[in-house]
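# A look at the structure
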Amino acid sequence: MYRPDPSPGRARLDLLDPMEVSKLGGLEIITEGVVEGFLSGLHRSPRRGFSAEFAEHRMYQPGDDLRYVDWKILGRNDWLYVKQFEEETNLRAVIVCDTSRSMAWTGSPDTVLPKMDYARRLIAALALVLIRQRDATGLITFDDDVRTVTPPRARLSHWRQLLGVLGSLEAGQGTAAEPALRRVIGQLRRRGLVVFVSDLLLDRTLALKALRFLRHRGHQVLVIHIMDPAEVALTGPNEARFEDPETHAAVVLRPRDWAGAYRDTVRAVVSEWRLACRRHGIAYHRATTDTPFGVVLREALSPPSRST
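Residues numbered from 1 in each chain as written. Predicted model: local features only at pLDDT ≥ 70, side-chain atom pairs only at ≥ 80, totals over all residues. Heavy atoms only, no water.

### Digging into the environment of Arg 189
Under the convention used in this document: To qualify as a helix, a DSSP run of H or I must reach at least 4 residues; to qualify as a strand, a run of E must reach at least 2; elements of each kind are numbered from the N terminus. Relative accessibility under 20% of the residue-type maximum defines a buried residue, over 50% an exposed one, and the middle range a partly exposed one, all with a 1.4 Å probe and only protein chains included.
On the secondary structure map, Arg 189 appears in the loop between helix 6 (177-187) and strand 6 (193-198). Residue Arg 189 is classed as exposed on the basis of its relative accessible area of 71%. A C-alpha to C-alpha distance of 9.1 Å links Arg 189 and Arg 92, two positions 97 residues apart in sequence.

Encoded structure:
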């Protein structure tokens, strides 16, 4: 199994170009390498973005993670206590993944991963981070209907089950996010974490309604907006034909003539999503598919006020 070399001066796997990382082997090998690099680069627990507020001390019990031992108390009183955090033992997370036709698209097949391939690697890494910190993690996938539902579990063997689901994903047709988001309610009986991974080419009103409902139920909600670099800026030959991968509606135009208007439209849409999420206490993070996975993990797992 590939392991990133932690030696100084060597590139970390989680910071390499996603397309290059994808060539290293299977999903399990890639994800473990990304997470090893991600965790080695942290100076504190990645829980900081997910209710990692200190709650109280309790006596050490055999099997407790030594990372949470309060060494200051041990030094002063020779008593072994561990720090306990809110949600430490009962956080349940559900990742909701868009597998619609538009997610299979890439503007540069030779250099940039399709959005779905990028999302499946990012989700696999995120799930491993959560499960390693004993958070039960589940997965729901959807296109124009709910396709798979994998209930949350916290065992490492469950992560491999999630990898199997992610590895078998195929692009569907249209996008219907609301039914998938409402299925989360049955998976999270208590307050938990919902991560919604999508290119957001969907009915924003219905999606936001469902996301707001989850937030109203007390769940922490994070939206990861996956975009291809070619979706951010309009480029191409003197004249090009653009086709919607889901509806097949097409238009022929000159990219140079429409580049400015297109850029302004994209900025407006991203801004509207960000502001709508922030207004309702939902964390929003935009990730382009040429961004190293470790960078996205670090930024997305930070408090919402620091997300971009």
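### Some remarks on the nonpolar core
Our working rule: Nine residue types can take part in a nonpolar core, namely buried Ala, Val, Leu, Ile, Met, Phe, Trp, Tyr and Cys, and a core is a set of them joined through side-chain atoms within 4.5 Å. Here, residues are in contact when the closest pair of their heavy atoms is within 4.5 Å.
One finds Val 34, Ile 95, Leu 122, Leu 139, Val 195, Val 197 and Ile 224 to be the most contacted residues of the largest nonpolar core, which totals 47 residues. For this core, the leading source of residues is helix 4 (residues 115-132), giving 13 residues. Look past the residues within four positions of Leu 139 in its chain and what remains in contact with it is Ile 95, Cys 97, Ile 123, Thr 148, Val 149, Thr 150, Leu 162, Val 165 and Leu 166. Counting 30 residues, the second largest nonpolar core, distinct from the first, contains Ile 185, Leu 188, Val 221 and Val 270.

### Quick notes on helix 2 (residues 27-40)
The cut-off we apply is this: Take the number of residues in a helix, subtract one, and multiply by 1.5 Å to get its expected span.
Compared with the 20 Å implied by 1.5 Å per residue over 14 residues, the 20 Å span of helix 2 between its first and last C-alpha is a close match. What helix 2 keeps buried is the set Leu 27, Ile 30, Thr 31, Glu 32, Gly 33, Val 34, Val 35, Gly 37 and Phe 38. Buried positions along helix 2 lie against helix 1 (18-21), helix 4, helix 5 (156-167) and helix 10 (293-300).

### Description of the sheet that holds strand 4 (residues 136-142)
Put simply, the rule is: A pair of strands is treated as paired once DSSP finds two or more bridges between them. Helix axes are fitted only over the stretch in contact, all axes being lines through C-alpha atoms; the angle between N-to-C directions runs from 0 to 180 degrees.
Within the open sheet, the 6 strands sit side by side as 5-4-3-6-7-10. Their pairing is mixed. Of all strands in the sheet, those with a lone pairing partner are strand 5 (146-153) and strand 10 (283-288), marking the two edges. Ignoring strand direction, the axes of neighbouring strands in this sheet form an average angle of 15 degrees. Where strand 3 (residues 92-98) meets strand 4, 7 bridges bridge the pair, whose relative direction is parallel. From the neighbouring strand, Ile 95 faces strand 4, where its bridge partner is Leu 139. Strand contacts of helix 7 (residues 204-216): strand 6 and strand 7 (220-227), with the helix running at about 150 degrees to strand 7, the strand carrying the most contacts.

### Regarding the pattern of salt bridges
Convention followed: Salt bridges are defined by distance alone: a side-chain nitrogen of Lys or Arg within 4 Å of a carboxyl oxygen of Asp or Glu.
For the structure shown, the criterion picks out 14 salt bridges. Linking Arg 182 and Glu 178 is a salt bridge whose minimum nitrogen-to-oxygen distance equals 3.4 Å. Taken together, the residues Arg 182 and Glu 178, both in helix 6 and 4 residues apart, mark about one turn of the helix. Here Glu 272 and Arg 204 are joined by a salt bridge, their closest N and O atoms 2.8 Å apart. Of the two residues, Glu 272 sits in helix 9 (residues 255-279) while Arg 204 sits in helix 7, which places them 68 residues apart along the sequence.

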